Amino acid sequence: MTDDKLLIEQLANPKTQRRAFETVVRQYGEQLYWQIRRFVLSHDDADDVLQNTFIKAWQGLASFHGDSKLLTWLSRIAINESLDFLRRQKNVVTMSTDDADLGVANMLMADEYFDGDEIEAQLQEAIAQLPEVQRTVFLLRYYDDMKYSDISRVLGTSEGALKASYHIAVKKISEFFKSHD
């Protein structure tokens with residue numbers, strides 16, 4: 001595992017940039033895939049969003065000066081790409097709330113790459129019903145165990161607002177499970 005400081009130096013040098021970026025893809029690809037996958041749920045869609053994330057990162061290398069961790073910068077791109085993908089999907093497909101609830105669980109259970117159980121599918125249904133900010137904070141905190149300070153850097157929001165969003169998201173998810181017993 002190559003350390004961030006060395007990678008950032010290599011990314012800034014045109015002679016070593018391509019090889020360093022290949023290292024970035026190998027080193028962070030899987031972690032970013034799972035981060036994206038929790039947003040978009042489908043394996044094929046997550047692969048597409050991951051590819052777009054790395055394209056944006058490659059195109060934006062000149063704007064990255066190492067002010068944050070490499071993973072934080074990549075996560076910001078991945079999250080924005082995921083949210084953009086979801087917004088585009090929302091514009092393409094309009095469903096009633098009931099259909100959306102059934103759709104998430106059925107889609108996950110039918111996905112050959114989904115290795116969770118029915119409770120995980122229900123959790124994903126509950127998460128899908130959250131507003132965008134609450135969903136994003138919940139996913140980063142719950143699944144990635146990201147610190148509020150890191151989420152704050154990724155989303156450009158205060159830690160207090162993030163804590164409130166997370167608390168509200170947890171409450172809504174709990175209510176979802178109580179109402180579906």
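Rules behind the numbers
- Residues numbered from 1 in each chain as written.
- Predicted model: local features only at pLDDT ≥ 70, side-chain atom pairs only at ≥ 80, totals over all residues.
- Heavy atoms only, no water.
- Phe/Tyr/Trp six-rings, centres within 6.5 Å; stacked < 30°, edge-to-face > 60°.
- Helix = DSSP H or I, 4+ residues; strand = E, 2+ residues; numbered from the N terminus.
- Buried < 20%, exposed > 50% of the residue type's maximum accessible area, 1.4 Å probe, protein only.
- Lys NZ or Arg CZ within 6 Å of the ring centre and 35° of its normal.
- Salt bridge = Lys/Arg side-chain N within 4 Å of Asp/Glu carboxyl O.

**Student:** Hey, could you go over the packing of aromatic side chains for me, with residue numbers and the actual values?
**Tutor:** A complete count under the given rule lists nine aromatic pairs for this structure. Arranged with centres 6.1 Å apart and planes meeting at 90°, the rings of Phe 21 and Phe 54 form a pair that is edge-to-face. Residue Phe 21 is located in helix α2 (residues 17-40), and its partner Phe 54 is located in helix α3 (residues 43-59); the two are separated by 33 residues in the primary sequence. The exposure class assigned to Phe 21 is buried, which follows from its relative accessible area of 11%. Taken together, a centroid distance of 4.9 Å and an interplanar angle of 80° make the contact between Tyr 33 and Trp 34 edge-to-face. The exposure class of Trp 34 is partly exposed, given its relative accessible area of 36%. Within the aromatic cluster, the residues linked to one another by ring pairs are Phe 138, Tyr 142, Tyr 143, Tyr 148 and Tyr 166. Arg 141 extends its terminal NZ or CZ atom over the ring of Tyr 148, reaching a point 4.4 Å from the ring centre.

**Student:** Would you mind going over the pattern of salt bridges in detail, with residue names and values included?
**Tutor:** Within the structure shown, the criterion is met by five salt bridges. Across the salt bridge formed by Arg 38 and Asp 144, the nearest N and O atoms sit 2.3 Å from each other. Highlighted residues: Arg 38 in helix α2 and Asp 144 in the loop between α7 (132-143) and α8 (148-155), separated in sequence by 106 residues. Arg 38 gets classed as buried once you look at its relative accessible area, which sits at 16%. Between Arg 87 and Asp 84 there is a salt bridge; the shortest N-O distance is 2.8 Å. In this pair, Arg 87 and Asp 84 are both assigned in helix α4 (residues 70-92), three residues apart and thus about one turn of the helix distant. The exposure class assigned to Arg 87 is partly exposed, which follows from its relative accessible area of 36%. Overall, the relative accessible area of 29% leaves Asp 84 in the partly exposed class. Here the salt bridges share partners, and the residues they tie into one network are Asp 84, Arg 87 and Glu 132.

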